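Architecture at a glance
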Amino acid sequence: MSAAERVEARQGGPGSRRRTAQGGFGEPRPHPVAYAVLGLGLVVVVSPFVWMALSSLKTEGEIRQVPPTWWPEAPTFDNFRELFARLDFPQFFGNSALVATAVTLGNLVFCSMLGYVLAKSEFAGKKLLFRVVLGTLMIPGMVTLVPLFVLVANMGLVNTYWGLVLPFLAAPFGVFLMRQFFLGLPDELIDAARVDGASEARIFVQIAVPLAKPALATLAIITFLGSWNNFLWPLVVATTEEKYTLPVALALYSTGQNQTDFGLLLAGATVVVVPVLIVFLALQRFFVQGVAMTGIK
Amino acid sequence: MSAQAALRTGAHGAPVRSAQTAVRRHPPLYRRRTLVAWGFALPFVLLFLTFTAGPVLMSLAMALTDLRSRDLRSPLAVDFVGLENVRAVLADPLFRKAAANTAYFVLVGVPLTLCLALAVATVLNSGITRLKTLFRVGYYMPVVTSIVAIAVVWRFLLHPDVGLVNEVLGWFGIDGPNWLESTTWAMPAMIAMATWRSIGTLIVIFLAGLQGVPASLHEAAALDGAGAWQRFRYITVPSLRPTILFGAVITGIGYVQFFEEPFVMTQGGPLNSTLSVAFQTYNQFGFGNYGYAAAMSYVLFVAVVLLTLLQFRLLGERDEPRRRRRRAARDIPEEVGP
């Protein structure tokens, strides 16, 4: 059973009945204490989000009240209204969406092509290529920050969308994930197509890619959110407001003189976080698959 | 699965029974396939060489010179200084302070995150079916959230007067400190935040690993009278060793590069008590000391590698498997030979 299948089984997909049957006698009954412990932990983990959202609806006066209130006494959208008046949020939102979409599409195409040949083809230099690409996963981001900036500056791409997108189009993580997935496809399938005279390109497009949809979905979501939340590089490359992404706009606004406008800042944080959480909640199983696919085996 | 594949690919000319053997007997086909494969790899490789491998090498070159930002216009004025930068970095009291802070963060943060995640995953795996998705999704939420938004929320949470943390501590009669302004408490606050932010990934990894622990082992041990803790200690933990190692390695790699939390929360303060090596590197780049900063980033890289090796030592496979692995490692190079 592959990791992905196990995950599916756990979520009550096909095969979950078999697992419960296996569980039978040996598995201890869930203790009420187990639920209590997990519930307490969950409250600790989730309450910052709840508090953020609720406090963004409070007036500045209520936010500064001691002791703090939990539920807003007079819910108001004033914080959001003022924030949108001060900052061009639709522009930042559009920038974030454009950059994240471009980065995601690039990774889907380039990483799956390389991942496919690394898993399903024998060729000279394959081992070296895989090791070099994987080896860079351990190199701290700080190592490349300045040379990369110098490079992008020399290409004249500072404060452009290209400058925000190009350095992230080919990420080693994606290659690793796609290779791990393609390794799980039966060799016979590919070999049969080869014997039938199909070209590698055709096998890739018509056989491998359609079968890899779950892995591609996982890669797409992980890459998209990674890009959406990316912070340091856009902060360095985007120098004027019309190229800011959401995190950069919020970061620059939240330092300096606005540092204590809690109401506005919490409204900003809510605007940045809520769309991501909605996407995550809708597609959460793909994250689990991604972690399981790259993490185990 | 991957080890098997690696063996197969590593064994050029070895008598491995697979479809690939046939290919190698026909060099023209193998050559053509190499060409096609590199065609597939080309777009990625070009981008990778330009935007990853190139900068890594450029950074290495920088580390060995006295390059400063003003030298970028006249690169010929730059001198090769060898390991002088590394020596200067290691002698710098501010770097030592940052290194001590980073070590504190890693040595407390990694075990704490691992233990909490393992505890939650084990409880989640103890036959809980209802609400399981809710728990997993809830614990994973911080992972997908922007650090900038997290920083805003946590600065508010940790506020000495109107923050939720001190309010809750107050219920138990504890007078909470001014977290981010205290040289003692700023780092624990960073560690708590990092743990909160990273625990979700590890829980998912451990849950996947726990699925592989055979239920029959637990049943047998339970019949022999082993309690829940004994079963956890002598069955779950040893079976999960490779997964724990993987979790420790990815958490360690992330924590050694500890940068975003101080960058958005404290700017390394108060009095440099949350200054990390990665943050100090960033500052030195900002000051234009490129050679010096690049050398520091490579010191950080070496630290990442050393920590990973140490974790493999401490948590890697034991006894039987290790001997078998060594023998396998000895065998592979012989097969690779001409």
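Fair warning: this is a prediction, and the values are worked out from it, not measured in the lab.

Our focus in this paragraph is the overall build of chain B. Along its length, chain B carries 16 helices and 0 strands. Look at the contacts in chain B between residues 6 or more apart in sequence, and 69% of them connect residues 24 or more apart.

Scanning chain A from terminus to terminus reveals 16 helices and 0 strands. In chain A, which comprises 297 residues, the share counted as buried stands at 45%. Within chain A, counting contacts between residues at least 6 apart in sequence, those at least 24 apart form 77% of the total.

Turning our eyes to something else, we now look at the packing of helix α15 (residues 246-254) of chain A against helix α7 (residues 147-157) of chain B. With their axes 9 Å apart at the nearest point, α15(A) and α7(B) run at an angle of 30° to one another. In this structure, α15(A) meets α7(B) at a crossing whose hand is left-handed. From α15(A), Pro247(A), Leu250(A), Ala251(A) and Ser254(A) reach across to α7(B), where they touch Val148(B), Ala149(B) and Val152(B). Its residues assigned to classes, the contact of α15(A) with α7(B) shows 6 nonpolar, 1 polar and no charged.

A separate point is the interface of chain B and chain A. Listed as interface residues are 86 residues of chain B and, on the opposing side, 92 residues of chain A. Classifying every residue of the side of chain B that touches chain A gives 59 nonpolar, 22 polar and 5 charged.

Two elements in contact, helix α8 (residues 141-154) of chain A and helix α14 (residues 277-286) of chain B, have axes whose closest approach is 10 Å; the angle formed by their N-to-C orientations is 15°. Overall, the two elements α8(A) and α14(B) adopt an arrangement that is roughly parallel. As α8(A) packs across α14(B), the resulting crossing turns out to be right-handed. Only Ala278(B), Thr281(B), Tyr282(B) and Phe285(B) of α14(B) make contact with α8(A), whose side of the interface consists of Met142(A), Leu145(A) and Val146(A). Tallied by class, the residues present in the contact of α8(A) with α14(B) amount to 6 nonpolar, 1 polar and no charged.

To continue, consider the confidence of the model for chain A. Low-pLDDT stretches of the model should not have their predicted coordinates read in fine detail. Averaged over every residue, the pLDDT of chain A is 83; the share at 70 or more is 87%. In this model, residues 1-27 of chain A is a region of pLDDT below 50 whose contacts with residues beyond four sequence positions or in other chains number 34 contacts.

This part covers helix α3 (residues 32-55) of chain A. Residues that lie three or four places apart on an α-helix share one face, since the helix turns once every 3.6 residues. Along its 24 residues, α3(A) runs 33 Å from first to last C-alpha, staying within 8% of the 34 Å computed at 1.5 Å per residue. What α3(A) keeps buried is the set Leu38(A), Gly41(A), Val45(A), Pro48(A), Phe49(A), Met52(A) and Ser55(A).

Once that is clear, we can look at the confidence of the model for chain B. All names here are of chain B. Residue-level pLDDT values for chain B average 82, and 84% of them are 70 or greater. Highest mean pLDDT in chain B belongs to helix α5 (residues 93-124) (94); lowest belongs to helix α1 (residues 2-10) (41). Low pLDDT (under 50) marks residues 1-18, which in the prediction has 20 contacts with non-local residues, meaning those over four places away or in another chain. When the criterion is pLDDT under 50, residues 331-338 qualifies, and its contacts beyond four places in sequence or with other chains add up to 6 contacts. The ipTM, which scores confidence in the relative placement of chains, is 0.81 for this predicted complex, and the corresponding pTM is 0.81.

Counting residues in each nonpolar core, the largest one holds 162 residues, and the members touching the most others are Leu114(A), Ala269(A), Val148(B) and Ile203(B). Examining the composition of this core, we find that 15 residues originate from one element, helix α9 (residues 186-210) of chain B, more than from any other. Of the domains in this structure, domain 1 (3-76) and domain 2 (84-295) of chain A are the two that each give at least three residues to this core. The residues contacting Leu114(A), other than those within four sequence positions of it, are Val175(A), Phe40(B), Ala41(B) and Phe44(B).

In this section: unusual backbone geometry. All names here are of chain B. Its identity is not glycine, yet Leu271 carries a phi of approximately 50°, on the positive side. Residue position: Leu271 is located in the loop between α13 (260-265) and α14. Leu271 gets classed as exposed once you count the C-beta atoms within 10 Å, which come to 11. Notably, Asn272 is not glycine yet its phi reads approximately 65°, a positive angle. Position of Asn272 relative to the elements: it lies in the loop between α13 and α14. Since 18 C-beta atoms lie within 10 Å of it, Asn272 is described here as partly exposed.

This part takes up the environment of Ala221(B). Residue and element names in this part refer to chain B. You can see Ala221 is positioned in helix α10 (residues 215-223). We classify Ala221 as partly exposed; it has 16 C-beta atoms within 10 Å. The spacing of Ala221 and Arg231 is 10 residues in sequence and 6.8 Å in space, taken between C-alpha atoms.

Turning our attention to the environment of Thr59(A). Residues and elements named next belong to chain A. Within the element layout of this structure, Thr59 appears in the loop between α3 and α4 (60-63). Thr59 sits 98 residues away from Leu157 along the chain, and the two C-alpha atoms are 42 Å apart. Leaving out residues up to four positions away in the same chain, Thr59 has contacts with Ala74, Thr76 and Gly263.

All names here are of chain B. Mapped onto the fold, Ser198 is located in helix α9. Residue Ser198 is classed as buried on the basis of its 23 C-beta neighbours within 10 Å. For Ser198 and Pro93, which are 105 residues apart along the polypeptide, the C-alpha to C-alpha distance reads 30 Å. If we skip the residues at most four places from it in the chain, Ser198 touches Thr113, Thr251 and Gly254.

What counts as what
- Residues numbered from 1 in each chain as written.
- Chains lettered and ligands numbered in written order.
- Predicted model: local features only at pLDDT ≥ 70, side-chain atom pairs only at ≥ 80, totals over all residues.
- Helix = DSSP H or I, 4+ residues; strand = E, 2+ residues; numbered from the N terminus.
- Contact = placed C-beta atoms within 7 Å.
- Buried ≥ 20, exposed ≤ 12 C-beta atoms within 10 Å, placed from the backbone.
- Axes fitted to C-alpha atoms, helices over the stretch in contact; angles between N-to-C directions.
- Left-handed = near helix turned anticlockwise from the far one by under 90°.
- Nonpolar A, V, L, I, M, F, W, Y, C, P; charged D, E, K, R; others polar.
- Parallel < 35°, antiparallel > 145°, perpendicular 65-115°, else oblique.
- pLDDT = per-residue confidence, 0-100.
- Expected span 1.5 Å × (residues − 1).
- Core = buried A, V, L, I, M, F, W, Y, C linked by C-beta atoms within 7 Å.
- Domains from an automatic or database assignment.

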